[in-house]
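As a plain string of letters, each chain reads:
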Amino acid sequence: MQRALPSALLFVLAVVQSTSAQYIHEVKPLELGFNTEDYAPVVRDSGIVFCSIRETAATIAFKDAETGKPLTDLYWVPFEGKGIGQPVLFSANITTPVNEGPACFTDGGRTIYFTRNQVLPKKLSNLRASNAQLGLFRAHLESGTWSVPEPFEHNSTKYSIMHPALSPDGRMLIFASDMGAEENGVDLYRCERTSAGWSAPVDLGPAVNSTGNEGFPSFGPDGSLYFASDRAGGLGKLDLYKVEPKNGTWSRPEPLPEPINSVGNDVGISFMPDGFSGYLSSDRSGSDKLYAFKRTIPKFRDCAPQELNNYCFTFKAKPHAATTNLPLDHVWDLGDGTRVTGLKAEHCYKDPGTFPVRSLLIDRKSGTVFHTLKSSDFVVEDVQQAWISAPDTVRTGRMLALDALKSNLPGFEAAEHHWSFDDGTVLSGSRVVHAFSTPGIHEVKLDVLSSPDVNGDIRNQCNTRTVVVVDRFRDQEDQTIVATYQDAAGLTHSFEFQELPFDHLGMSSDELSDVAFAVELFASKERVSLDDPKFVEIKKHYRVVERFDPERGVYTYSVGEAKNVEELYEVFKKVKELQFLDAEVHMLQIEKLMDLSKLDFASVQELNHAKLRTNAIHFAFKSSDLGEGSEPVLEQVLDLLKQHPELQLVIEAHTDDVGSRAYNIDLSQKRAQSVEAYLLANGVSTDRLIPIGHGKNQPIASNKTEEGRSLNRRVEFRVTVKDEQQAFEKTR
């Protein structure tokens with residue numbers, strides 16, 4: 001190992017802080033691979049450079065003589081959205097069979113200073129002798145390639161120089177060294193950039209260094225110096241400390257708060273440009289790993305019940321003398337196209353907005369405005385709050401969709417959405433789903449946080465609402481639900497309504513009539529041609545139907561279809577005789593055929609397992625090229641996917657029976673992929689689309705007429721909600 005300090009790092013951290021504190025820190029691990037040890041992160045450009053011990057092709061034959069592990073190399077991992085990508089070797093020009101890292105950058109990231117063994121030995125055991133001394137090296141980025149590294153002018157074979165850190169202006173170099181090890185172990189030293197190079201190293205002195213070890217220095221964006229030390233009084237072994245430049249020296253070292261510091265070794269901190277978030281390394285869970293941290297505020301403090309948005313108002317005017325003797329009426333023009341005759345008008349606006357309200361005298365004979373008594377812009381606005389959109393009631397075990405999209409937070413750009421349920425579940429995201437396991441009145445909390453401003457301040461808004469949860473399995477009279485509404489005067493009233501009876505099978509009576517069962521021969525991750533020899537005998541007795549099951553992610557092959565399982569018993573026996581030993585009777589997923597015109601008004605629950613069928617997506621003759629007139633339907637489907645990011649589509653293309661089975665399968669597959677390509681080109685992610693061509697295998701009309709063949713040439717979209725465990729981050 002190249003580190004002269006004790007090993008360091010990891011563990012999933014739950015932040016435990018007093019809710020009275022204004023700010024806290026949250027720390028969570030980065031997943032960079034199994035059986036790796038990663039430490040000393042440095043934020044550079046659009047990713048992180050870090051030290052890592054992992055088996056690679058570049059490891060050659062050198063391993064640590066004591067641990068048997070590969071030596072450290074520098075790696076880079078890119079930022080991808082709100083997460084990170086896959087680590088790759090930072091530079092082949094810098095990597096050697098000995099240790100590289102930690103590192104730092106200057107000159108806008110074009111110059112790197114890093115730690116390395118000063119000599120590449122012929123035998124690994126020589127690393128235990130003087131040749132094992134560490135030194136600093138620098139390289140420059142030239143035309144996208146790092147130059148051959150040059151040694152630092154103050155390297156020595158008598159001691160190690162390591163862990164470089166450059167000040168934001170690039171004029172001060174801080175590093176760790178054991179050059180004074182007889183007195184204080186490893187300390188921090190400073191060099192100044194001069195016209196002749198770097199000045200001689202100077203001990204930072206007792207203001208920073210202790211009788212213990214100091215190492216892994218780094219600078220924050222504001223010029224503060226951070227480092228690791230095992231001095232007395234810390235939380236664990238190595239802890240992170242901060243000092244600030246003060247009158248030519250440094251302020252008193254202050255340990256960073258929990259959970260940045262832990263009972264383990266915490267080393268190598270690097271900040272994002274905002275100065276309030278970044279990355280560190282720690283062995284808090286047993287091995288060296290990287291963690292992301294950020295400064296934030298405690299969640300779910302001072303939560304208030306959300307208020308109903310009131311768009312209903314009463315307008316009143318005093319009688320005008322002119323209406324006594326003249327054919328004039330008083331009329332309220334309410335600014336949204338509504339006019340009410342009389343001195344009093346009660347009106348509910350459809351949406352928030354600014355409306356030019358006028359008090360008018362209207363000529364009764366001509367209907368024209370005689371006089372405008374008063375005119376004013378009337379503002380109708382939502383209550384400033386985090387708004388929880390959800391049904392009032394739900395049954396136990398049923399997935400409840402909630403969203404925060406109607407939150408009204410003017411001047412407040414939402415960066416995070418956090419949800420808390422009274423069963424202990426915590427979720428994040430602007431859209432979530434949740435199932436309650438117990439009946440009763442449950443409280444839901446929504447806390448919306450802003451990004452830190454230039455001063456690091458974070459705003460938040462927390463509101464709550466209740467949801468009535470009804471027992472889904474208990475036989476009882478229909479549950480009476482109480483709802484509230486506001487009248488035109490703004491007064492709140494309540495009324496009662498009853499839910500429809502619940503069916504224990506989870507289906508309505510209409511749906512029960514559509515239930516079907518089939519004998520599933522087998523399921524396969526890979527698609528199997530219906531011309532495969534395994535189907536030869538079975539097709540002599542039954543038609544084999546191929547389906548794709550998006551929930552299981554498999555293709556299924558089944559025969560027979562009946563309203564109840566009893567009708568399939570003889571089919572089941574025959575299938576077993578034909579050696580389909582894994583065959584089983586399955587209930588077919590009910591798919592509701594939905595009209596495209598109803599998409600804009602459908603809820604997520606209504607869309608789940610819906611089938612959209614269209615003959616309005618056109619293709620050139622014997623081609624998969626999209627034809628003219630296809631855009632309206634494709635745009636409608638595109639709008640649906642943008643409106644509901646949790647939806648997934650199976651795109652199924654079908655043909656008539658002209659041509660061979662293989663030809664039509666190939667043609668329909670290409671047509672399904674053409675539809676997929678259109679949606680991908682307009683911003684839909686590939687993991688939400690599954691294109692499948694069924695050829696002529698699933699006709700819905702007779703192929704003996706042109707009209708029937710036209711109906712069979714179609715595209716169908718099967719809609720499902722992506723698995724909640726994948727679509728939503730959930731912790732307990």
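Refer to the structure printed above.
Structural notes, computed from the coordinates. (Residues numbered from 1 in each chain as written. Predicted model: local features only at pLDDT ≥ 70, side-chain atom pairs only at ≥ 80, totals over all residues. Heavy atoms only, no water.)

1. As for the sheet that holds strand S45 (residues 584-587)
Now for step 1: Read across the sheet, four strands follow the order S43-S44-S42-S45 without closing on themselves; strand pairing throughout is antiparallel. For this open sheet the edge positions go to strand S43 (545-549) and S45, each flanked by a neighbour on one side alone. Adjacent strand axes in the sheet meet at a mean angle of 45 degrees when their direction is disregarded.
Now for step 2: Pairing analysis gives five bridges linking S43 to strand S44 (residues 554-562), with the strands arranged antiparallel. By the bridge assignment, Arg 547 is partnered in S44 with Thr 556. (Pairing = 2+ DSSP bridges. Helix = DSSP H or I, 4+ residues; strand = E, 2+ residues; numbered from the N terminus. Axes fitted to C-alpha atoms, helices over the stretch in contact; angles between N-to-C directions.)

2. Looking at the pairing of strand S8 (residues 111-117)
Now for step 1: The buried fraction of S8 is high, at seven of seven residues.
Now for step 2: Side chains Thr 111, Tyr 113, Thr 115 and Asn 117 of S8 all project onto a buried face; the interleaved residues Ile 112, Phe 114 and Arg 116 project onto the opposite face, where all are buried too.
Now for step 3: Direction of pairing for strand S7 (residues 100-106) relative to S8: antiparallel, over a ladder of five bridges. In the strand pairing of S8, Cys 104 is matched with Tyr 113.
Now for step 4: The antiparallel hairpin formed by S7 and S8 contains four residues in its connecting segment, where Asp 107 sits at a positive phi of about 55 degrees.
Now for step 5: In this sheet, strand S9 (residues 134-142) lies alongside S8 in antiparallel orientation, the contact comprising seven bridges. Paired with Arg 116 across the bridge in S9 is Gly 135. (Buried < 20%, exposed > 50% of the residue type's maximum accessible area, 1.4 Å probe, protein only.)

3. A short note on unusual backbone geometry
Now for step 1: For the bond from Gly 101 to Pro 102, the omega torsion is 0 degrees, close enough to zero to count as cis.
Now for step 2: Summarising the element assignment, Pro 102 is placed in strand S7.
Now for step 3: Look at the link from Glu 258 to Pro 259: it is a cis peptide, with omega at 0 degrees.
Now for step 4: Structurally, the position occupied by Pro 259 is in the loop between strand S22 (254-255) and strand S23 (266-271).
Now for step 5: Here Asp 107, not a glycine, exhibits a phi torsion of approximately 55 degrees, which is positive.
Now for step 6: Among the structural elements, Asp 107 can be located in the loop between S7 and S8.
Now for step 7: When its relative accessible area of 39% is taken as the criterion, Asp 107 is described as partly exposed.

4. Some words on the state of the cysteines
Now for step 1: The full count for this structure, using the stated rule, is two disulfides.
Now for step 2: Between the sulfur of Cys 303 and that of Cys 462 lies a disulfide, 1.8 Å long from S to S. Because the sign of the S-S torsion sets the handedness, a value of about 85 degrees for the bond joining Cys 303 and Cys 462 places this disulfide among the right-handed ones. With a gap of 159 residues between them, Cys 303 in the loop between strand S25 (289-296) and strand S26 (304-305) and Cys 462 in strand S39 (residues 460-470) connect regions that are remote in the sequence. (Disulfide = S-S within 2.5 Å.)

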